Amino acid sequence: ATFADQRLLRAAVPENRKRAFAVRPIIETLVDESSWLELRREFGRGLVSGLARVDGRPIGVIANSSAHLGGAIDSDGALKAARFMELCDAFDVPLLFLCDTPGFMVGPESERGAAVRKMSRLFAVGSSLSVPFFTLVLRRAYGLGAMAMSGGLAVGPNVFHASWPSAEAGPMGLEGAIELGFAKELAAAGSVPLVGEAARRRLHESLLHTGLERAGATSVARTLETDDVIDPADSRAWIVHGLDAAAVPAERGDGGADAAAWRTRRDGQKRRPCVSPW
């Protein structure tokens, strides 16, 4: 299979962590040349989904797009991803998640659209996946949105999780965590006569710098369920190695390496006899 120069991925994520970037060129660089087929492009635009091949083998891709809502997962995006996950699982297509999200979209407007029910579906579907799935954190991995982009879990025989050096992770976005967790300290700094606003800004920047050190990919890898922090140029090789190493689920086939062994249970029934309508 032919593919693009993987060294291009080293410059794919901007140094400015607040700057949006295009995720589709990253996908097209990772997968086999001319194999990317995007599905439902205009629906749930915060998530990109589609089919491709890596080393000649089929794979489904779900990626956050920072160009829409900053990469936050909204109700439409959650439904789009959950149904795509079902589709891939039904046809034994491994999944690749490219994570760059500040989390789920919150607020009254989001909740009026049944956000909790629709977003929870990502975890319900993720918990029943039988195909191998990979999560590659490109930049941000915050809150429950990051968990959803890991199939709801980050460990298991068919689960692979890695980060680029540009990645950062935590229970919620750093800026929001600082504003909430250090509200009293920031207010006190801002109340200083004449220099209050400058003092508040300096304290905020200091707290953000400390937070970024703790949320950085290497630091997070020491304590959380991350397999490795890898060179972006090695991402494709990491995926291929995972596909080679993936275990066939015990309840399917005879345990052999043949892909057909994933398709049915021992009783001959399909794993997913019904896939949600699109």
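The structure this text deals with has already been given above.
Residues numbered from 1 in each chain as written. Predicted model: local features only at pLDDT ≥ 70, side-chain atom pairs only at ≥ 80, totals over all residues. Heavy atoms only, no water.

1. What about the pairing of strand β5 (residues 133–142)?
Logical step 1: Counting buried positions along β5 gives ten out of ten residues, so the element sits mostly inside the fold.
Logical step 2: In this sheet, β5 lies alongside strand β4 (residues 95–101) in parallel orientation, the contact comprising six bridges. By the bridge assignment for β5, Leu96 is matched with Phe134.
Logical step 3: Across three bridges, the pairing between β5 and strand β7 (residues 168–170) is parallel. Bridging across to β7, Ala141 finds its partner in Ala169. (Buried < 20%, exposed > 50% of the residue type's maximum accessible area, 1.4 Å probe, protein only. Helix = DSSP H or I, 4+ residues; strand = E, 2+ residues; numbered from the N terminus. Pairing = 2+ DSSP bridges.)

2. Examining the environment of Ala1
Logical step 1: Along the chain, Ala1 falls in the segment before α1 (24–30).
Logical step 2: Look at Ala1 and you get exposed, because its relative accessible area is 65%.
Logical step 3: Along the chain, Ala1 and Asp55 lie 54 residues apart, while their C-alpha atoms are 5.6 Å from each other.
Logical step 4: Dropping the residues within four chain positions of it, Ala1 is found in contact with Asp32, Asp55, Gly56 and Arg236. (Contact = heavy atoms within 4.5 Å.)

3. With respect to the environment of Pro132
Logical step 1: Along the chain, the position of Pro132 falls in the loop between α4 (115–126) and β5.
Logical step 2: Along the sequence, Pro132 and Leu95 sit 37 residues apart, while their C-alpha atoms lie 6.5 Å from each other.

4. A closer look at the pattern of salt bridges
Logical step 1: With the rule as written, the count across this model stands at 13 salt bridges.
Logical step 2: With its nearest N and O atoms 3.4 Å apart, the salt bridge here joins Arg139 to Asp100. Of this pair, Arg139 sits in strand β5 while Asp100 is found in strand β4, placing the two residues 39 residues apart along the sequence.
Logical step 3: A residue is classified by how much of its surface remains accessible, and Asp100, at 1% relative accessible area, is buried.
Logical step 4: Residue Arg200 is joined to Glu179 by a salt bridge in which the shortest nitrogen-to-oxygen separation is 3.0 Å. (Salt bridge = Lys/Arg side-chain N within 4 Å of Asp/Glu carboxyl O.)

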